[in-house]
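For reference, the chains in residue letters:
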Amino acid sequence: MTAFLPYGRQTIDEADIAAVVDVLRGDWLTTGPAIEEFEADFAAATDAAHAVACANGTAALHLAALALGLGPDDSVVVPAVTFLATANAPRYVGAEVVFADVDPKTGLMTPDTLAAALERTNGTVRAVFPVHLAGQCADIDALGEMAAAAGALMVEDACHAIGGQDQAGRRVGSCKIGAMATFSLHPVKTITAGEGGVVTTNDDGIATKLRLLRNHGIVRSDFRVPVEALDSAGHPNSWYYEMSEPGFNYRLSDIHAALGRSQLSKLGEFVARRTALVERYDRLLESLAPAIRPSSRVPGRPGWHLYVALVDFPMLGLDRAAVMAALRARGIGSQVHYLPLHRQPYYRKRYGALDLPGADAWYDRALSLPLFPAMADEDVDRVVAALETVVSGR
Ligand SMILES: *Cc1c(COP(=O)(O)O)cnc(C)c1O
């Protein structure tokens, strides 16, 4: 009996375990040196000036929205096909979300879909949050230029794309165009800390703000109330701190950071293995066209997170639930990324029924197949063979 193949899972080795144990034997479980070490390595890996670690990818997006100073008079353009958190983050700060449609074959926001969304913002747009779905980069040069022309900043939701390069060969997260990029360290993502998130930026002021907001807004220098802060000799009182704006407890623990750092050291290896598996799927799936095809490719070197196949379920004469059940019966997990956000009850109630045909068409066909570095080539063969029997109705 072969083991069940989930659509994604973490790859943990003895070095990861040792890194966590080291922290447990040390003095600092949180706010210790492992955080700065992880952040320094993350900034180097993404080619960004600053990497700010936080509790999870959702907190990273929330911190980004806070650092931009977004509020109730503002709107943010978010692609309709993404995880809930991309749109929920602007809502946390009271900003409105304007959903952009996506290319039905890549699931990505495009210059055309952004243009259509910008028209619906009525001049309130302050930010654009493109998502590098499955690991492929949205066209950030064009999107960034359009955002700037509209007076908006760009934050890349790069939770799927760590370790990749965009169409111009820049590392994902290097923030050469956008103000910030956000990452998740959830176990299903390319590298994990158990839970964790990171924001990268090249802007010193934004980095300072992110660090402040992840730790309650606590300041230990540049005090506003010196009479309270300083002793008679003019030195800061050791117990004293100030808060000018309430922040959050969005810290990452040293335990998580040590795991994240150990995982980060294998990023290149993980991405290379994911890429090889993607190439194998692409080749083997050719025999199942036109009923099942890979999603379309855009320029760049993806840090693949998901392998999304586009399935013409009506052509197969089967619905998605039946195909997923047939795969599960053969020990193969699959998933759907994602139910478009404009169709979620909360957003439907807030913004009404939106016509986003690209997002709906993507959702109608998308099926994520198993993809994680510990998979063997034979695992890909097994998935495609299972799909073959489903397609041929055997
Ligand atoms: C995983 C993910 C998030 C949220 O990350 P968490 O660490 O789970 O909070 C946000 N956006 C996208 C696109 C994601 O895939």
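Residues numbered from 1 in each chain as written. Predicted model: local features only at pLDDT ≥ 70, side-chain atom pairs only at ≥ 80, totals over all residues. Heavy atoms only, no water.

1. Examining the overall build of the protein chain
Tallying secondary structure elements over the protein chain gives 15 helices and twelve strands in all. In terms of overall dimensions, the protein chain is globule-like: its C-alpha atoms have a radius of gyration of 22 Å, near the 21 Å expected for 394 residues. Residues classed as buried in the protein chain amount to 53% of the 394 residues present. Within the protein chain, contacts between residues at least 6 apart in sequence are counted, and of these 75% link residues at least 24 apart. For the protein chain, the computed accessible surface area is about 16900 Å², with 53% contributed by carbon and sulfur atoms. Here the protein chain holds 35 positive side-chain charges and 46 negative ones, and the gap between their average locations is 6 Å. (Helix = DSSP H or I, 4+ residues; strand = E, 2+ residues; numbered from the N terminus. Rg over C-alpha atoms; globule rule 2.2 N^0.38 Å. Buried < 20%, exposed > 50% of the residue type's maximum accessible area, 1.4 Å probe, protein only. Contact = heavy atoms within 4.5 Å. Areas by Shrake-Rupley, 256 points an atom, 1.4 Å probe, with all protein chains shown as cover. Lys, Arg positive; Asp, Glu negative; His and termini not counted. Charge placed at Lys NZ, Arg CZ, Asp CG, Glu CD.)

2. Quick notes on unusual backbone geometry
Cis peptide bonds are those with omega within 30 degrees of zero, and the linkage from Ala289 to Pro290 qualifies with 5 degrees. Along the chain, Pro290 falls in the loop between helix 10 (267-285) and strand 10 (292-294). Looking along the chain, the bond that leaves His337 and enters Tyr338 is cis, with omega of 5 degrees. Tracing the backbone shows Tyr338 in the loop between helix 12 (320-329) and helix 13 (345-351). In the Ramachandran plot, Asp47 falls in the positive-phi region, its phi being about 65 degrees despite a non-glycine side chain. Structurally, Asp47 is set in the loop between helix 2 (33-46) and strand 1 (50-54). Judged by relative accessible area, which is 40%, Asp47 ranks as partly exposed.

3. Brief notes about the site of the ligand
Close to the ligand lie 15 residues, the nearest being Gly57, Thr58, His160, Ser184 and Lys189. In this structure, an oxygen atom belonging to the ligand sits 2.5 Å away from a side-chain N or O atom of Thr58. In the model, an oxygen atom of the ligand is placed 2.7 Å from a nitrogen or oxygen of the Ser184 side chain. Protein contact buries 92% of the 380 Å² of open area that the ligand shows by itself. When residues of the shell around the ligand are traced back to their parent elements, those giving at least two are helix 3 (57-67) and helix 4 (84-92). The element that contributes the greatest number of residues to the shell around the ligand is helix 3, accounting for three residues. (Near = heavy atom within 4 Å. Polar contact = N/O pair within 3.5 Å; in protein donor to acceptor, adjacent residues only side chain to side chain.)

4. Side note on helix 1 (residues 14-25)
Taking 1.5 Å of rise per residue, twelve residues should cover 16 Å, and helix 1 covers 16 Å from first to last C-alpha, within 8% of that figure. Among all positions in helix 1, only Asp16, Ala19, Val20 and Val23 are buried. One side of helix 1 carries all its buried residues, which in axial view fall inside an arc of 90 degrees. In helix 1, the exposed residues that point more than 90 degrees away from the buried face are Glu14, Asp22 and Arg25. For helix 1, the capping residue at the N-terminal end is Asp13, with a side-chain oxygen 3.1 Å from the backbone nitrogen of Ala15. (Expected span 1.5 Å × (residues − 1). Arc of directions from axis to C-beta.)

5. Concerning the pairing of strand 6 (residues 180-184)
When you tally the buried positions in strand 6, you get five out of five residues, the bulk of the element. Neither face of strand 6 is exposed, since Met180, Thr182 and Ser184 on one face and Ala181 and Phe183 on the opposite face are all buried. As paired strands, strand 5 (residues 153-157) and strand 6 are joined by three bridges and run parallel to one another. Paired with Val155 across the bridge in strand 6 is Met180. Pairing between strand 6 and strand 7 (residues 197-201): four bridges, direction antiparallel. In the strand pairing of strand 7, Thr182 is matched with Val199. (Pairing = 2+ DSSP bridges.)

6. A look at the side chain of Ser262
As for its position among the elements, Ser262 is in helix 9 (residues 254-264). In this structure, Ser262 is in contact with Ala15, Asp16 and Ala19, ignoring residues within four places of it in sequence.

7. A closer look at the packing of helix 5 (residues 111-119) against helix 6 (residues 140-149)
Contact geometry for helix 5 and helix 6: axes closest at 10 Å, N-to-C directions at 20 degrees. In terms of axis orientation, helix 5 runs roughly parallel to helix 6. The element helix 5 and its partner helix 6 pack so that their crossing is right-handed. When helix 5 is examined against helix 6, the residues Pro111, Leu114, Ala115 and Leu118 are found in contact with a partner set consisting of Ala142, Leu143 and Met146. Looking at the contact of helix 5 with helix 6, its residues break down into seven nonpolar, no polar and no charged. (Axes fitted to C-alpha atoms, helices over the stretch in contact; angles between N-to-C directions. Parallel < 35°, antiparallel > 145°, perpendicular 65-115°, else oblique. Left-handed = near helix turned anticlockwise from the far one by under 90°. Nonpolar A, V, L, I, M, F, W, Y, C, P; charged D, E, K, R; others polar.)

No statement about biological role is implied by the geometric values presented.
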